[in-house]
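Residue-level listing of the chains:
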Amino acid sequence: MKNLIRLILIYTVVVLLPSRVTAQQQALYAQYMFNQMVINPAYTGSNGYTRGVFSLRQQWVGLEGAPNTQTFTIDAPINKNRSAALGAILIADKIGVTSQNGAFLTYSKSVRLNETYKLSMGLQGGVYNYKFEESKLNNIDPDPIIGGDINALRSNFGLGLFLESQRFFFGLSIPQTIESSLDLNNEDSDAKARRHYFTNMGYVITLNKDLKLKPNVLATMVEGNPLQIDFNMSLFIRELLWFGLSYRSFDAMDVILQARLTDRIQFGYAYDFANTKTGLRRINGGSHEFMLTFNLLSRDKYTSPRYF
């Protein structure tokens, strides 16, 4: 298994980092590490119990038309040994006069590789509605490339892999595999659904009985865009409080706080500081992201602690 981990590390560095990856269309999450189902269907059911997660992200506060994303996920095992699970993702994402609303079902199946490692394979499928309301822009001289309002309903599917032990995880996913035009009436339109690739990895280090440290990294690739990398370092205090810092390349730094309020409820908050290189820092009040997690199984029934 050590050779497997070494191979994963080599793959990430040698294959993914040199890759060239149009505008990112899937929603952005600062707290993805606490609900990886939003980027990888293979994560469905990995907690071993029924769980619902609601998140709200308001990006670039104070900037008119800034991105706003609301997401709800729910997943649960569907057999006695919890090797199969079903889930659902509902998402509403809006920026300016553009919006995407989607609903996806997810399924995962896991196999035990040995006493330490489990490998899960996941699939997802669903539909989303893409709207671009050019008429709200009140253009004096409309751009012919845009070509007017767009209201498109599209289907898509995705797949992923998730390798985990109690301390280590590695994920690889393509949540939406189909690339398609969103404006069939205008062949020159740039409104296209782009395929996104995600790979992430993390490891939990025990410092003492009360403190655990978890470094993790997420790489996001979209054809034609620079590779985006999110580095995160989180400290877990007495299994009650997470405190983390993230750096997202070319974009922002994040401060993240997650607190276990009860055996069933966990609350999270993240604040983004815009990078000065983007010029956004001077014209907005940062980005806020809230997360509320409902675990429908009391904590004393956990089979083992969950760190991701």
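Overview of the structure.

## Things to note about the overall build of the protein
(1) Moving on: Along the backbone of the protein there are one helix and 17 strands.
(2) Moving on: Only carbon and sulfur atoms are counted for the fraction: they give 61% of the accessible area of the protein, which is about 15500 Å².

## A few points about empty space enclosed by the protein
(1) Moving on: Looking at the largest cavity, its volume works out to about 360 Å³.
(2) Moving on: If you go around the largest cavity, you meet 24 residues; those closest to its centre are Gln 26, Ala 27, Ile 91, Phe 104 and Gln 176.
(3) Moving on: No other element matches the four residues that strand β4 (residues 98–112) contributes to the lining of the largest cavity.
(4) Moving on: Along the lines of polarity and charge, the residues of the lining of the largest cavity split into 13 nonpolar, nine polar and two charged.
(5) Moving on: The space that makes up the second largest cavity amounts to roughly 190 Å³.
(6) Moving on: What lines the second largest cavity is a set of 16 residues, among which Asn 47, Arg 51, Arg 260, Gln 266 and Arg 306 lie closest to the centre.
(7) Moving on: Residue assignment for the lining of the second largest cavity shows that the elements contributing at least two residues are β15 (252–260) and β17 (287–295).

## Section: the pattern of salt bridges
(1) Moving on: On inspection of all chains with the given rule, the structure shows seven salt bridges.
(2) Moving on: Residue Lys 118 is joined to Glu 164 by a salt bridge in which the shortest nitrogen-to-oxygen separation is 3.5 Å. Of the two residues, Lys 118 is situated in strand β5 (residues 118–132) and Glu 164 in strand β6 (residues 150–164); the sequence distance between them amounts to 46 residues.
(3) Moving on: Exposure remark for Glu 164: the relative accessible area of 4% places this residue in the buried category.
(4) Moving on: As a salt-bridge pair, Arg 248 and Asp 272 come within 2.9 Å of each other at their nearest N and O atoms. Here Arg 248 is found in strand β14 (residues 241–248), whereas its partner Asp 272 is found in strand β16 (residues 265–274), with 24 residues between them in sequence.

## Looking at the nonpolar core
(1) Moving on: Within the largest apolar cluster, 34 residues are counted, with the highest numbers of intra-cluster contacts made by Tyr 29, Tyr 32, Phe 34, Ile 39, Phe 162 and Tyr 307.
(2) Moving on: Judged by nonpolar contacts, the second largest core, of five residues, contains Leu 163, Phe 168, Phe 170 and Met 201.

## Structural notes on the pairing of strand β2 (residues 68–77)
(1) Moving on: By the bridge criterion, eight bridges tie strand β1 (residues 51–58) to β2 in an arrangement that is antiparallel. When the sheet's bridge partners are listed, Gln 58 is paired in β2 with Asn 68.
(2) Moving on: As paired elements, β2 and strand β3 (residues 84–95) share 10 bridges and run antiparallel to each other. For Asp 75, the partnering residue across the bridge sits in β3 and is Gly 87.
(3) Moving on: Linking β2 back to β3 in an antiparallel pair, the connection comprises six residues, with Arg 82 at a positive phi of about 60 degrees.

## Brief notes about the side chain of Gln 31
(1) Moving on: For Gln 31, the location among the structural elements is in the loop between α1 (2–16) and β1.
(2) Moving on: Owing to a relative accessible area of 0%, Gln 31 belongs among the buried residues under this scheme.
(3) Moving on: Once you skip the residues sitting within four places of it in the chain, Gln 31 turns out to touch Ile 256, Leu 257, Gln 258, Gly 268, Tyr 269, Ala 270, Glu 289, Phe 290 and Met 291.

## Quick word on the packing of aromatic side chains
(1) Moving on: As enumerated under the stated definition, the model contains six aromatic pairs in all.
(2) Moving on: Relative to Trp 242, the ring of Phe 34 lies with its centre 5.9 Å away and its plane at 65 degrees, an arrangement referred to as edge-to-face. Of this pair, Phe 34 sits in the loop between α1 and β1 while Trp 242 is found in strand β14, placing the two residues 208 residues apart along the sequence.
(3) Moving on: We classify Trp 242 as buried; its relative accessible area is 5%.
(4) Moving on: Ring geometry for Tyr 269 versus Phe 290: centroids 5.2 Å apart, planes at 45 degrees, classification tilted. Of this pair, Tyr 269 sits in strand β16 while Phe 290 is found in strand β17, placing the two residues 21 residues apart along the sequence.
(5) Moving on: We classify Tyr 269 as partly exposed; its relative accessible area is 24%.
(6) Moving on: These aromatic residues form a ring-pair network of at least three members: Phe 34, Phe 236 and Trp 242.

## Observations concerning a nonpolar patch on the surface
(1) Moving on: Together, Phe 54, Phe 72, Ile 74 and Leu 90 make up a nonpolar patch on the protein surface, roughly 320 Å² of accessible area in all.
(2) Moving on: Mapped onto the secondary structure, Phe 72 falls in strand β2.
(3) Moving on: Classification of Phe 72 as partly exposed rests on a relative accessible area of 32%.

## Some points on the pairing of strand β10 (residues 196–203)
(1) Moving on: The element β10 is largely enclosed, with a buried count of six among its eight residues.
(2) Moving on: In this structure, β10 lies alongside strand β12 (residues 211–222), joined through seven bridges in antiparallel fashion. Each bridged residue has a counterpart across the sheet, and for Gly 202 the counterpart in β12 is Asn 216.

Criteria and cut-off values
- Residues numbered from 1 in each chain as written.
- Predicted model: local features only at pLDDT ≥ 70, side-chain atom pairs only at ≥ 80, totals over all residues.
- Heavy atoms only, no water.
- Helix = DSSP H or I, 4+ residues; strand = E, 2+ residues; numbered from the N terminus.
- Areas by Shrake-Rupley, 256 points an atom, 1.4 Å probe, with all protein chains shown as cover.
- 1 Å grid on protein atoms, 1.4 Å probe; cavity = no way out; pocket = protein on both sides within 12 Å on 5 of 7 lines; lining within 4 Å.
- Points joined across faces, edges and corners; volume = space filled by probe spheres on them.
- Nonpolar A, V, L, I, M, F, W, Y, C, P; charged D, E, K, R; others polar.
- Salt bridge = Lys/Arg side-chain N within 4 Å of Asp/Glu carboxyl O.
- Buried < 20%, exposed > 50% of the residue type's maximum accessible area, 1.4 Å probe, protein only.
- Core = buried A, V, L, I, M, F, W, Y, C linked by side-chain atoms within 4.5 Å.
- Pairing = 2+ DSSP bridges.
- Contact = heavy atoms within 4.5 Å.
- Phe/Tyr/Trp six-rings, centres within 6.5 Å; stacked < 30°, edge-to-face > 60°.
- Patch = residues over 30% accessible without salt bridge, like charges linked within 9 Å, V, L, I, M, F, W, Y side chains within 5 Å.

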